[in-house]
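These are the residues of each chain, in order.
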Protein chains: 2
Amino acid sequence: MDIVIALFDDFEPLDAIGPYQVLGHLPGAAVRFVAAGEAGPVADSIGGMRLDVPARYADVEACDVLLVPGGHGTRPLMDDQAFLDWLRRTHATTRFTASVCTGALLLGAAGLLDGLAATTHWAAAGELAAFGAAYTPERVVRRDRIVTAAGISAGIDMALHLAALLTDETTARAIQLHAEYDPRPPFDSGSWAKASPAVRERIRELG
Amino acid sequence: MDIVIALFDDFEPLDAIGPYQVLGHLPGAAVRFVAAGEAGPVADSIGGMRLDVPARYADVEACDVLLVPGGHGTRPLMDDQAFLDWLRRTHATTRFTASVCTGALLLGAAGLLDGLAATTHWAAAGELAAFGAAYTPERVVRRDRIVTAAGISAGIDMALHLAALLTDETTARAIQLHAEYDPRPPFDSGSWAKASPAVRERIRELG
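Residues numbered from 1 in each chain as written. Chains lettered and ligands numbered in written order. Predicted model: local features only at pLDDT ≥ 70, side-chain atom pairs only at ≥ 80, totals over all residues. Heavy atoms only, no water.

### A look at the sheet that holds strand β6 (residues 96-100) of chain A
All names here are of chain A. Ordered by their spatial adjacency, six strands build an open sheet running β2-β1-β5-β6-β10-β9, and the pairing between neighbours is mixed. The sheet terminates laterally at β2 (30-35) and β9 (140-143), the two strands that pair on one side only. On average, each strand axis in the sheet is inclined to that of its neighbour by 20°, with strand direction left out of account. When β9 meets strand β10 (residues 146-149), the two strands line up antiparallel, connected through four bridges. (Pairing = 2+ DSSP bridges. Helix = DSSP H or I, 4+ residues; strand = E, 2+ residues; numbered from the N terminus. Axes fitted to C-alpha atoms, helices over the stretch in contact; angles between N-to-C directions.)

### Quick look at the interface of chain A and chain B
Contacts between chain A and chain B engage 65 residues on the former and 65 residues on the latter. A combined buried area of about 6000 Å² lies between chain A and chain B, and 63% of that area is made up of carbon and sulfur atoms. Area buried by chain A at its contact with chain B is led by Leu177(A), Glu180(A) and Phe187(A), which between them contribute 14% of it. In this structure, the salt-bridge partner of Asp182(B) is Lys194(A), at a minimum N-O distance of 2.7 Å. (Contact = heavy atoms within 4.5 Å. Buried area = accessible area lost by both parts, 1.4 Å probe. Salt bridge = Lys/Arg side-chain N within 4 Å of Asp/Glu carboxyl O.)

### Details of the relation of the copies chain A and chain B
Each copy of the sequence occupies a distinct position, and chain A is placed on chain B by a rotation of 180° and an axial shift of 0.0 Å, giving an RMSD of 0.0 Å. Both chain copies can therefore be described as sitting about a two-fold axis. Among all residues of chain A, the minimum C-alpha distance to the rotation axis is found for Leu51(A), at 2.3 Å. When the interface residues of chain A are mapped onto chain B, 100% of them again fall at the interface, so both copies present the same face. (Least-squares fit on C-alpha atoms with pLDDT ≥ 70 in both.)

So, to be careful, I would describe these as geometric facts and stop short of saying anything about function.
Here's what the structure looks like:
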């Protein structure tokens, strides 16, 4: 099983590594990162992490799962016709095409979300409509072969859904147990609806 | 604020990147990875990820937060006296010294957990006792300056605790909102107690 995660400069780190942690443990699966540009170093959006990515997206002609993370680096790619062409061509070969966070905007720009329900990071919800998609405020939204996740950490939940679809539920649960994914956030501010006015103000200051 | 995450070959990816996602967004903080050996490429335990780590641990003399992830790569380091000496010396300079998953075994091997309550990955619980630590089956265990997290994904919860201690609760909640960390695992098998016999059997097969 060939699972491809497209990376680009200024990707949000957990968008990519959360699903990688889950899907990388699927029996019989290989997960590879490909660079949306030339092979070589790719920097994350926080700026402390440099991944050495040995392959470029143009070298991939088909895969079982294509996953597109989000981050500030999605912006320039939304106008990159060669990349969007590749998304469309590769999507035609997959069992599942998935996005995390603002990765959904790239699926949208490629025309893959037209007329579909989909999700993305809460701050980008309004942008999905421009691509003909209906923003759906759920953690994971699946429509046939297209699976979108909400912001950043939602990729972990999505990958567990995918793991069950690609193998079976017992295997997905075993991977959840391996990752000890029994989350206990110390606070309950993980969605816009749950965030207090002070928290909403602070996130604006954090930029 | 200087936050250091020690990396080594065969580290578990989410152990390091979960906390990095949270702590990297702390205002005024810089998170840097350092290699437990020479600077250069460090490979994760799944085998698909190579991080280009520009600094080595020996170059760090002090930091505000020292974080040690887990993974198979902790095994050889448990006998690496130079690395354990560095953990002890650096711990003496920190506000908080933290581990995720089997990173706790490295804090233990360095003598930092003697007589303390601590946690680690469920599969490594029995090993903590050899270092004089009392395994405590909680998601995050803090004793003064030492904070340990359970397996792999628990580092995200721990980092939110640390974020509040290092800044304030409103900032930690804003970072949680940014990461849309409102987890909705599709299954409830994230701890040994919750896993069915079939899931426990499957995880043995996954190795």
